[in-house]
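Residue strings, one per chain:
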Amino acid sequence: MAKADKASKADKAGEAEVPGQYGDVVARLEETVGRLESGNLSLEDSLKAFEEGIRLVRRGEKLLTEAEQRIEQLLQDEDGNDVVAPLSVAARPPAQAAAPRAPAPRPPPEDDVPF
């Protein structure tokens, strides 16, 4: 009966709602990875855990994207007034222009592969 109880708990964990907080998503993802890495799951339970992991990763990515979109950057306009702009749309003020960058190094020729 203990084996059946473990299977039903694994089913409930796989069907459980994905957490709403990023920290909870990460904790649950670590737990799921631990179960998968233990090697004690059946093929079916491994597939369910994998599916749950994919759902958790997607939720985590969505939460990070939403947080990134909410981040704002404080800039100054031409008159010296503070302006708040979304990070993705914020333009770098002209006074902070980037220094010229060195050209990117070229990759080695294909015949120079070390193996």
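Refer to the structure above for everything that follows.
Residues numbered from 1 in each chain as written. Predicted model: local features only at pLDDT ≥ 70, side-chain atom pairs only at ≥ 80, totals over all residues. Heavy atoms only, no water.

(A) Region of interest: the overall build of the protein. Within the protein, the secondary structure is distributed over three helices and two strands. If you list the helices and strands of the protein from N to C, you get α-α-α-β-β. Here the protein holds 115 residues, and the buried ones make up 14% of them. Within the protein, contacts between residues separated by at least 24 positions form 39% of all contacts whose residues are at least 6 apart in sequence. In the structure as shown, the protein presents an accessible area of about 9900 Å², 55% of it carried by carbon and sulfur atoms. (Helix = DSSP H or I, 4+ residues; strand = E, 2+ residues; numbered from the N terminus. Buried < 20%, exposed > 50% of the residue type's maximum accessible area, 1.4 Å probe, protein only. Contact = heavy atoms within 4.5 Å. Areas by Shrake-Rupley, 256 points an atom, 1.4 Å probe, with all protein chains shown as cover.)

(B) Spatial organisation of the environment of A49. With respect to the helices and strands, the residue A49 is situated in helix α3 (residues 43-70). Using a relative accessible area of 0% as the deciding quantity, one classes A49 as buried. The spatial distance from the C-alpha of A49 to the C-alpha of L36 is 6.9 Å, given a sequence separation of 13 residues. Discounting residues that sit within four places of it in the chain, A49 has contacts with T32, R35, L36 and L41.

(C) Representation of α3 in the model. Taking 1.5 Å per residue as the helical rise, α3 with its 28 residues ought to reach 40 Å, and the 41 Å between its terminal C-alpha atoms agrees with that figure. Those residues of α3 not exposed but buried are D45, A49, E52, G53, L56, G60 and L63. (Expected span 1.5 Å × (residues − 1).)

(D) Fine view of helix α2 (residues 22-38). Under the 1.5 Å per step criterion, the end-to-end length of α2 is 24 Å for 17 residues, consistent within 8% with the ideal 24 Å. Positive backbone phi, at 75°, marks G39, one or two positions downstream of α2.

(E) Quick look at the packing of α2 against α3. Look at α2 against α3: their axes get within 9 Å of each other, and the N-to-C directions meet at 155°. By the angle class used here, α2 and α3 are roughly antiparallel. The crossing of α2 and α3 is left-handed. Of α3, the residues touching α2 (which contributes Y22, V25, R28, L29, T32, R35 and L36) are S46, A49, F50, E52, G53, L56, V57, R59, G60, L63 and L64. Within the contact of α2 with α3, the residues separate by chemical class into ten nonpolar, four polar and four charged. (Axes fitted to C-alpha atoms, helices over the stretch in contact; angles between N-to-C directions. Parallel < 35°, antiparallel > 145°, perpendicular 65-115°, else oblique. Left-handed = near helix turned anticlockwise from the far one by under 90°. Nonpolar A, V, L, I, M, F, W, Y, C, P; charged D, E, K, R; others polar.)

(F) Examining the pattern of salt bridges more closely. This model, assessed by the stated rule, comprises two salt bridges. R28 serves as the salt-bridge partner of E52, at 2.8 Å between the closest nitrogen and oxygen. Of this pair, E52 sits in helix α3 while R28 sits in helix α2, and the two are 24 residues apart along the sequence. The pair E52 / R28 is uniform in exposure class, with both members buried. Ionic pairing is found between E52 and R35, a salt bridge with its closest N-O pair at 3.5 Å. Linking E52 in helix α3 with R35 in helix α2, this pair joins segments that are 17 residues apart in sequence. The network of salt bridges with shared partners includes R28, R35 and E52. (Salt bridge = Lys/Arg side-chain N within 4 Å of Asp/Glu carboxyl O.)

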